[in-house]
Structures are given as structure tokens and as C-alpha cells.
Amino acid sequence: MTAVSPADVLEIAREKVLGRGEGLDHAETLAVLQLDDDKVDELLALAHEVRLKWCGEEVEVEGIISLKTGGCPEDCHFCSQSGLFQSPVRNAWLDIPALVDAAKQTQKTGATEFCIVAAVKGPDENLLSQLEQAVRVIQEEVDINVAASVGILTQDQVDRLAKAGVHRYNHNLETARSHFPNVVTTHSWEDRAETLRMVAEAGMEVCCGGILGMGETLEQRAEFAQDLAALNPTEVPMNFLDPRPGTPFEGREPLAAKDALRAIGAFRLALPKTILRFAGGRELTLGDLGAEQGLLGGINAVIVGNYLTTLGRPAEQDLDMLGKIRLPIKALNATV
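Since this is a predicted model, take the numbers as computed values, not measurements.

Draft legend 1. Region of interest: the overall build of the chain. In terms of regular secondary structure, the chain is built from 11 helices and 10 strands. With 336 residues in all, the chain has 58% of them scored as buried. The contacts of the chain with a sequence gap of at least 6 include a subset with a gap of at least 24, amounting to 77%. Accessible area of the chain: about 13,500 Å², with a carbon and sulfur share of 49%.

Pasting the structure below:
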């Protein structure tokens, strides 16, 4: 890998990314992540130009709901839903009427995406059947796209979810391939990548991101951006570690705001045509001002309301913020 100077990388990005729509490579992404603090505003302004040119000005809004919470057999070190850690998350399971009601409430915010999530390594027959039924009922009763995130899948399960009408499947790689064993040991990076390959081949949109601030180096952060770019995902959720009590990462310091903003700009320049979504941890890491900077620095989608085991802001606050900075919400017919 040939090193790229941080002093030169923004001009390289202006020509390559803004001009031609080509994402930065690993060395270039690393140089962006190494920019001095006094260059962050320039980076974010360029990332916003890239987002407007290659994605448009609209912001895609999504709500998420947990079908099955807690009791997961995996050891993802950031996650309070693991049954292996002494974290204060109770097991819970929603029925189909509750899922339909949540979809209706999400649709009222103006969201076009509703994602059903389960804390499992992969779905058993009971969970998969309930998810299939829920997707069909929601599609009959609510004008919203239904996405799902229920772990590692077999080919048959992929085919069933595609047939049921799941249009986007979320399965995060979480972090760079080289850092993954420091974050999860009960399954592999390759297990996740194989599910994503099958999802794409089945015609569902791929949603794949991860969490920044889990002890990865800047080189690994750049590596992660390239791992994601290789998947050509429709959407990349950007989470920032919110250390959860009882997990192995509970003692980690949250990512500094400037580092988070540098990462947002870098990921936009590495993924110029991808939906880049604000997800968990942004409230802790960035606050209101930083969130506005992110939305004017490459982010073009948000999750509104609460996350799976952490609290978000009320949806109205995010919608008010979008109005304040004059970014329109994407309509459902614009997502098809």
C-alpha cells in the first residue's frame, strides 16, 4: 500500500470521488482519517458535496423494533443482549400485532423503512415463521418497506425471506476483518460475509455496517471502509460504541466527536453512492451539534426513536433537526 499524504488527500478526493464518483482506496481513506482537526470542516464540506451529487439531498428515515430481545448465545463484546454476559437486559418476545402497531407508529414519522431485529445467531423455525407472517401482515396494512436483521442465514432461509417480501436485509460486519476476532469469537467474519453474499444474490438489498470505537486502529478503520465498499451495499449504518454495563467493552471511552466526524467524512468518500445512516451511539458521541455536522458532512439517513438496547432521541427531535437544516425526508415512492 502506497502512503498518501493527508495534505493531498482532499484534492485527490475532489477529483476522484466528487468528479468521477469513485470511492477512495485504503491508503486514501487512511489519509482522510489522519487529517488534522483544522481540516475536519473542509472534509465535511467536501463529503456533503459528494453526497448531494451522487445520492441527492433527501434523507431516508427508518425505525427499528426488536422481535426477540436478549438471550443471544453469541459473545459480541459490545452487546448487552448476549446471554453470556451479566448485562441488565431482560429477554422479551413480541407478537405479530405488536410488530404491526410498531410499523404503523414508525410510518407516522415519515419513515420509509421499518426493520425487524432479533437477538439470535440465526433464526430457528419458530422465529422465521413468525417473521414471514409479520412481513406479510405489515405489507397488507402499512405503507412502508420492511427490512429484517435476524443473524446468519442458510440459503433456504434467505430464499424464504426474499419470497416473504423482505426488501433489505441488515447484517453488520461490525468491524474490520483483521479486528473481528477481538470483538467476536463465537462466529467468524466469513460467516457474516457469506450471509451477505446470499442476500445480494437473492435480490434483497444489502444493509451492512458496524460500530466504530471498539479498539480498532485507524488503519483498521480504513480497512473496514474498504471491506464494506467491496460488498457494494445499499446501506451502511454507522454506529459509535455506547459502552454497555456488563459487557467486555463497558470500560471503553466513547469515540471523540472529531474522530467520529472524520470517520463519517472518510466513509462517505470511500462509499460515495451508498446510503450512510446515523445509528446507535451518535447521541453520546456527537450530541445535537455533531449530528447536524454529520448530516451536512456525508450522512443521508437516520434511525429515529430508540435503538435495540440504548435510548435514542424522540423522533420529533430528529425530524425538527432535518427541518432546521433544510434537508427533505425521502418519500416512499422515491425508494423503489
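Draft legend 2. Representation of the packing of helix 1 (residues 6-20) against helix 3 (residues 40-55). Direction vectors running N to C along helix 1 and helix 3 enclose 10 degrees, while the axes themselves pass 9 Å from each other. By the criterion of interaxial angle, the relationship of helix 1 to helix 3 is roughly parallel. Residues Leu10, Ala13, Arg14, Val17, Leu18, Gly19 and Arg20 of helix 1 touch helix 3, and the partners they reach there are Glu42, Leu43, Leu46, Glu49, Val50, Lys53 and Trp54.

Draft legend 3. Representation of the environment of Lys108 in the model. Take Lys108: it is sitting in helix 4 (residues 96-108). Sequence-wise, Lys108 and Val142 are 34 residues apart; in three dimensions their C-alpha atoms are separated by 10.0 Å.

Draft legend 4. Inspection of the UniProt feature "binding site: [4Fe-4S] cluster" (unreviewed entry) in the chain at higher detail. Residues annotated in UniProt with the feature "binding site: [4Fe-4S] cluster" (unreviewed entry) correspond here to Cys72, Cys76 and Cys79. Locating Cys72 in the fold gives a position in the loop between strand 1 (60-69) and strand 2 (92-93). Positionally, Cys76 belongs in the loop between strand 1 and strand 2. We classify Cys76 as buried; its relative accessible area is 10%.

Draft legend 5. Here's a closer look at the side chain of His179. Mapped onto the elements, His179 comes out in the loop between strand 5 (168-170) and helix 7 (189-201). The exposure class assigned to His179 is buried, which follows from its relative accessible area of 5%. For His179, the side chain forms a polar contact with the main-chain oxygen of Met214, separated by 2.9 Å.

Draft legend 6. Seen up close, the pattern of salt bridges. Within this structure, the stated rule accounts for 25 salt bridges. Between Arg277 and Glu62 there is a salt bridge, and its shortest N-O distance comes to 3.3 Å. With Arg277 in strand 9 (residues 275-278) and Glu62 in strand 1, this pair connects stretches of sequence that are 215 residues apart. Given the relative accessible area of 0%, Arg277 is considered buried. With a relative accessible area of 5%, Glu62 lands in the buried category. One salt bridge in this structure joins Glu174 and Arg192, with 3.6 Å as the shortest N-O distance.

Draft legend 7. Up close: unusual backbone geometry. Positive phi, close to 75 degrees, is recorded for Glu174, a residue that is not glycine. Structurally, the position occupied by Glu174 is in the loop between strand 5 and helix 7. Glu174 sits in the buried class, given a relative accessible area of 7%. The backbone of Arg326 shows a phi angle near 60 degrees, a positive value even though the residue is not glycine. Within the secondary structure layout, Arg326 lies in the segment after helix 11 (315-324).

Draft legend 8. Molecular detail of the packing of helix 3 against helix 9 (residues 257-270). Orientation of helix 3 relative to helix 9, taken along the N-to-C sense of each, is 35 degrees, at an axis distance of 9 Å. Between helix 3 and helix 9 lies a crossing of left-handed hand. Only Lys258, Leu261, Arg262, Gly265, Ala266, Arg268 and Leu269 of helix 9 make contact with helix 3, whose side of the interface consists of Val40, Leu43, Leu44, Leu46, Ala47, Val50, Arg51 and Cys55. For the contact of helix 3 with helix 9, the residue count by class is 10 nonpolar, 1 polar and 4 charged.

Draft legend 9. Main features of the environment of Met214. With respect to the secondary-structure elements, Met214 resides in the loop between strand 7 (210-212) and helix 8 (218-231). According to the relative accessible area criterion, Met214 is buried, its value standing at 0%. C-alpha separation for the pair Met214 and Phe78, spaced 136 residues apart in sequence, amounts to 7.9 Å. Once residues within four sequence positions are removed from consideration, Met214 is found in contact with Phe78, Glu174, Thr175, His179, Val183, Leu241, Phe249 and Arg252.

Reading the values: the criteria
- Per chain, the residues get numbers from 1 upward, laid out in the order the sequence is written.
- Side-chain atom pairs in this predicted model are given and counted only at pLDDT of 80 or more, local residue features only at pLDDT of at least 70, and totals for whole chains, interfaces and linings cover all residues.
- Think of the side-chain values as coming from all heavy atoms in the structure, minus any hydrogens and water.
- By the criteria applied, helices consist of DSSP H or I runs no shorter than four residues and strands consist of E runs no shorter than two, each listed in order from the N terminus.
- Between buried and exposed lies partly exposed: a residue is buried under 20% and exposed over 50% of the maximum accessible area for its type, with that area taken using a 1.4 Å probe on protein chains only.
- We call two residues in contact whenever any of their non-hydrogen atoms come within 4.5 Å of each other.
- Every accessible area reported is derived by Shrake-Rupley at a probe size of 1.4 Å, with residue values counting cover from the shown protein chains alone.
- All axes here are fitted lines through C-alpha atoms, helices being fitted over the stretch that makes contact, and every angle between N-to-C directions spans 0 to 180 degrees.
- Any angle that is under 35 degrees is reported as roughly parallel, and any over 145 degrees as roughly antiparallel; angles of 65 to 115 degrees are reported as roughly perpendicular and all others as oblique.
- UniProt positions are given in the numbering used here, feature names are shortened, and annotations may be inferred rather than shown by experiment.
- The term polar contact refers here to a pair of N or O atoms within 3.5 Å; inside protein, the definition further demands a hydrogen-donor-capable atom paired with an acceptor-capable atom, and it admits residues adjacent in sequence only when both atoms are side-chain atoms.
- The working definition used for a salt bridge is a side-chain nitrogen of Lys or Arg within 4 Å of a carboxyl oxygen of Asp or Glu.
- Crossing chirality is assigned from the near helix's rotation relative to the far helix, an anticlockwise turn below a right angle marking it left-handed and a clockwise turn marking it right-handed.
- The classification used treats Ala, Val, Leu, Ile, Met, Phe, Trp, Tyr, Cys and Pro as nonpolar, Asp, Glu, Lys and Arg as charged, and all other residues, Gly among them, as polar.

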